[in-house]
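# Breakdown of the fold
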Amino acid sequence: MLTAMVFSGGLGLASYHAGVYQKFHGRSLLLDWVAGSSAGAITAALVAVNPVERRVGRLESFWQMSADAVIDHPFRRLQAWTSVARGHLGGHPGFFRMRLPSPHPLRFRSIYDLAPMRERLGRLIDFGRLNSGETRVSICATDVESGDAVLFDTDDGPLEMDHLLASCGFLPEFAPVEVDGRLYVDGGLSANAPFDPILRTNAAIRLFVIDLFSRDGSRPKTIEAAGERKTDLMFGNQTFVRLRDQMELRRLRKELGQFTIEGEDEIILLSYRSGPEEPGPEKSYNFSRDGLATRWNEGRRDMAFALDVPGTTTDGIQMVRRPAERTLLSRTEDALERYTI
């Protein structure tokens, strides 16, 4: 059975990916294929490029935090909003910085510059190893002119830094990137979780789709909650509906004899579900230490639940919905549980 993991985009929310992968890695499970859009493309590259035993450490280096970080800030929501304000006004060290405005109004590139990200990834990613074929990697970007989702895949040709950053060009915040004469922007604008090529594989698959936006949620009671719910619905619905449709196409191909697959597929969807400490619709810009650690913890817990408890199946998709455990006790236990996987 082919095992694959797909990481969706979501900027700072992507520390959730790290927790998910850490728990998966702790069960001595292996991946044949990783894919992603935007921040998910970076996670996919960081996982694929490193030997199995070094992957969690590389994710720690990227997020500039330890996997056993303790969440202890007494005013976490205030800290989150402070991080958001700092990011919008000047960027976040190691991720992006404010771009100086062009004196010519028709030469706008983007609000922020991803040069710090390019520099950091240059230190963390050996593109020769990434393209070695040990783990297949698929990166999604969007053609800014045609609107088409475009897949860059190590099975088709080598991936380079520009492919990763093209997948991160979320307009107008981050600039498009030109690759082979075409201009590309964020993969999340067409396929935030690019699982399509995996579901076209003529083999039984165990597919983990890691979404950073939850399709289901509670009724919003404030304007802030309404803004957050809108974003979650836009991206969470995109992922679920596309996944359901691609699975139906896969089923029809089996019935028509186009696939000769032995064994049953297992499709598992995990979604980050933010708590009250997150800054609502601005949560993806929260790079505070406690915010990153919270998501890492939630990803670790969600994957543990996914591996141990069968999820509720909807349209053939196992929806992982772990009971909420956001208590003071569960937070202080996080560090103790990190390496007792």
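Scroll up to find the structure this text is about.
Throughout what follows, the structure given in this document is the object of discussion. (Residues numbered from 1 in each chain as written. Predicted model: local features only at pLDDT ≥ 70, side-chain atom pairs only at ≥ 80, totals over all residues. Heavy atoms only, no water.)

### Let's talk about the side chain of Thr135
- Along the chain, Thr135 falls in the loop between α6 (127-130) and β6 (136-143).
- Residue Thr135 is classed as buried on the basis of its relative accessible area of 4%.
- Polar contacts involving the side chain of Thr135 include one to the side chain of Arg55, which spans 3.4 Å. (Helix = DSSP H or I, 4+ residues; strand = E, 2+ residues; numbered from the N terminus. Buried < 20%, exposed > 50% of the residue type's maximum accessible area, 1.4 Å probe, protein only. Polar contact = N/O pair within 3.5 Å; in protein donor to acceptor, adjacent residues only side chain to side chain.)

### Looking at unusual backbone geometry
- At the junction of Leu171 and Pro172, the peptide bond is cis and its omega measures out at -5 degrees in the coordinates.
- Looking at where Pro172 falls in the secondary structure, it is placed in the loop between α7 (161-166) and β8 (177-179).
- A positive phi angle, close to 60 degrees, is found at Ser28, a residue other than glycine.
- Within the fold, Ser28 resides in the loop between α1 (15-26) and β2 (33-37).

### Concerning the packing of aromatic side chains
- Within this structure, the stated rule accounts for 14 aromatic pairs.
- With a centroid separation of 6.2 Å and 35 degrees between ring planes, the pair formed by Tyr21 and Phe24 is classed as tilted. Residue Tyr21 and its partner Phe24 are located together in helix α1, separated by 3 residues, close to a single helical turn. Phe24 shares its class with Tyr21; the two are buried.
- Connected via pairs of aromatic rings, a cluster forms that spans Phe62, Trp63, Phe95, Phe96, Tyr112, Phe174, Tyr285 and Phe287.
- The residue whose ring lies beneath Arg120 is Phe95, and the NZ or CZ to ring-centre distance is 4.7 Å. (Phe/Tyr/Trp six-rings, centres within 6.5 Å; stacked < 30°, edge-to-face > 60°. Lys NZ or Arg CZ within 6 Å of the ring centre and 35° of its normal.)

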